[in-house]
Amino acid sequence: MIGVAVVSAIGVIFVGWTILALGACDYRIMSERVSPSGRYVAELYGVDCGIGSYFDVVMLRDVSAFELPKLDGMPPGTMITGNFDTMDDGNDMFWDGETTFVIEYVNGDGPDLDRTEWGGVRIETRRAAPVE
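A short tour of the structure in this document, coming up.

Definitions and cut-offs
Residues numbered from 1 in each chain as written. Predicted model: local features only at pLDDT ≥ 70, side-chain atom pairs only at ≥ 80, totals over all residues. Heavy atoms only, no water. Phe/Tyr/Trp six-rings, centres within 6.5 Å; stacked < 30°, edge-to-face > 60°. Helix = DSSP H or I, 4+ residues; strand = E, 2+ residues; numbered from the N terminus. Buried < 20%, exposed > 50% of the residue type's maximum accessible area, 1.4 Å probe, protein only. Pairing = 2+ DSSP bridges.

**Things to note about the packing of aromatic side chains**
Thought 1: With the rule as written, the count across this model stands at four aromatic pairs.
Thought 2: When the centroid spacing of 6.4 Å and the interplanar angle of 80° are considered together, the rings of Tyr27 and Tyr45 count as edge-to-face. Here Tyr45 lies in strand β2 (residues 40-48) and Tyr27 lies in strand β1 (residues 26-34), a separation of 18 residues in the sequence.
Thought 3: Relative accessible area serves as the criterion here: at 22%, Tyr27 is assigned to the partly exposed category.
Thought 4: Ring centres of Tyr40 and Trp118 lie 5.9 Å apart, and the angle between their planes is 75°; this geometry places the pair in the edge-to-face category. Taken together, the residues span a long stretch of sequence, with Tyr40 in strand β2 and Trp118 in strand β7 (residues 117-118) at a distance of 78 residues. With respect to burial, Tyr40 and Trp118 carry one shared label: buried.
Thought 5: Among the aromatic residues, those joined into a ring-pair cluster are Tyr40, Trp95, Phe101 and Trp118.

Now the structure itself:
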């Protein structure tokens with residue numbers, strides 16, 4: 001009887017952990033940058049996937065496109081990077097004209113880009129000037 005109870009308890013814990021680990025992530029918008037003409041918008045989301053999995057993603061979309069989330073729960077648009085570090089105060093993102101979107105960083109090698117071009121927009125990373 002005790003063995004069955006222990007095995008059942010372990011099974012319940014395993015199933016609960018699996019559901020939390022594989023469950024949908026929660027996306028919270030932190031900031032957005034609209035292109036000079038207002039056609040494009042880049043949005044920074046904080047993503048919480050539970051069990052200590054938290055990261056930041058940058059999405060880019062055309063404002064005329066529907067703002068429906070994707071079937072997997074991701075926000076609308078195309079993911080540009082999934083490792084933008086918002087904990088570093090010098091990191092930023094901005095538009096350099098209408099067709100160039102820049103992700104600026106201060107430390108390390110900068111974020112890994114999933115793409116360097118999207119819908120006629122060039123996407124770049126640039127090292128920021130050191131803050132004194």
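**Observations regarding the pairing of strand β6 (residues 100-105)**
Thought 1: Within β6, five of the six residues are buried, which leaves the element mostly enclosed by the surrounding structure.
Thought 2: When strand β5 (residues 92-95) meets β6, the two strands line up antiparallel, connected through four bridges. Bridging from a neighbouring strand, Trp95 pairs with Phe101 of β6.

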